[in-house]
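If you want the building blocks of each chain, they are given just below.
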Amino acid sequence: MKVLIIDDERLARKELSNLLAEYKDIEILGEAANADEAEEMIDKLNPDLIFLDIQMPGRTGFELLETLEKTPKVIFTTAYDEYALKAFEFNALDYLLKPIEPKRLTESVNKIRKEVEAQEEQSKKSNQLTVNDQVFVKDGDNCWFVKLKDVRLFESDGNYIKVYFDKNKPMIHKSLNALDEKLDNKHFFRVSRKHIINLEWIDEIETWFNGGLMVKLKGGDKVEVSRRQATKFKDLMSL
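Residues numbered from 1 in each chain as written. Predicted model: local features only at pLDDT ≥ 70, side-chain atom pairs only at ≥ 80, totals over all residues. Heavy atoms only, no water.

> What is the right way to look at the sheet that holds strand S12 (residues 195-198) in this model?
Hydrogen bonds between backbone groups are what pair the strands of a sheet, and the pairing can be parallel or antiparallel. If you walk across this open sheet you meet the 5 strands as S10-S9-S8-S12-S11, and the pairing is antiparallel. Two strands close off the open sheet at either side, each with one partner strand: strand S10 (171-172) and strand S11 (188-190). Bridge count between strand S8 (residues 151-157) and strand S9 (residues 160-165): 6 bridges; the pairing is antiparallel. In the sheet register, Ser 156 faces S9, and the bridge partner there is Ile 161. Those strands touched by helix H7 (residues 227-237) are S11 and S12, and its axis lies near 155° from that of S11. (Pairing = 2+ DSSP bridges. Helix = DSSP H or I, 4+ residues; strand = E, 2+ residues; numbered from the N terminus. Contact = heavy atoms within 4.5 Å. Axes fitted to C-alpha atoms, helices over the stretch in contact; angles between N-to-C directions.)

Listed below in structure tokens is the structure:
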């Protein structure tokens, strides 16, 4: 997380900077002593989070937030507790009273981490492809619009992926790891380093060598499930 500290008291900025140095996932981009400096730095540096004092010479922390076009996540730091209600009207993540206690700062940082993780997970889900999505596949001069529910198998081949649908097996320039992150894991399963299958296309499952499995897909393709993935696969397919 990229952080900006905004406080008119130099010692308060220094103290908070020292406390934040303990967190390896936080990078302090800089410090601002007033709202004017802060506004310029926010526009230039685009921090993820600001630690913001409320009472400062010139504009207050509240007045600063009202002028920002894009507001970072905010944790207020102040010596006064009477602003707490108003602070949360600005969707503040937390409200820390000075002098800041390390334990309370840890609680705030953990709260931010959870929110960031939740946002990343939501973003990942919103970008996922489901079986009802239609994708564009181009191989040389040939092009197809294919519904993912009709794709039974993806096979890695160097820096390319072979896409199995109908009697076609076009090649696309993409890594299997990147594709695996985009596909809905309720319908697609990474059976090995080289293959992702559409679970709806499974016809038969057989035990195989060294604790692995052999999956036969409708259409006749056979794909081996690695021993590492076999346990996950059994759990996924069981009641």
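Picking up after the structure, the text goes on.
> Would you explain the nonpolar core in this entry?
The nonpolar side chains of soluble globular proteins are, as a tendency, buried together. Counting 21 residues, the largest nonpolar core has Ile 6, Ile 50, Leu 52, Leu 64, Leu 65 and Phe 76 as the members making the most contacts within it. Looking at this core, the elements that each hand over two or more residues are strand S1 (2-6), helix H2 (35-45), strand S3 (49-52), helix H3 (61-67) and strand S4 (73-78). If one sorts the elements of this core by residue count, H2 sits on top with 4 residues. Once residues within four sequence positions are removed from consideration, Leu 65 is found in contact with Ile 50, Leu 52, Thr 71, Val 74, Phe 76 and Phe 90. (Core = buried A, V, L, I, M, F, W, Y, C linked by side-chain atoms within 4.5 Å. Buried < 20%, exposed > 50% of the residue type's maximum accessible area, 1.4 Å probe, protein only.)

> So what exactly am I meant to see when it comes to H2 here?
Since the α-helix advances by 3.6 residues per turn, residues separated by three or four positions end up pointing in the same direction. Restricting attention to buried positions, one finds in H2 the residues Ala 35, Ala 38, Met 41 and Ile 42. Buried positions in H2, seen along its axis, are confined to an arc of 125° and lie on one side of it. Exposed positions of H2 whose direction lies more than 90 degrees from the buried face are Asp 36, Glu 40, Asp 43 and Lys 44. Against S1, strand S2 (27-32), S3 and H3 lie the buried residues of H2. Where H2 starts, the residue carrying a side-chain oxygen 3.1 Å from the main-chain nitrogen of Asp 36 turns out to be Asn 34. Once H2 ends, the next one or two residues include Asn 46, with phi positive near 50°. (Arc of directions from axis to C-beta. Polar contact = N/O pair within 3.5 Å; in protein donor to acceptor, adjacent residues only side chain to side chain.)

> Would you explain helix H1 (residues 10-20) in this entry?
By the burial criterion, the buried members of H1 are Ala 12, Arg 13, Leu 16, Ser 17 and Leu 20. The buried residues of H1 occupy one face: seen down the axis, they fall within an arc of 130°. For H1, exposure combined with an orientation more than 90 degrees from the buried face picks out Arg 10 and Leu 11.

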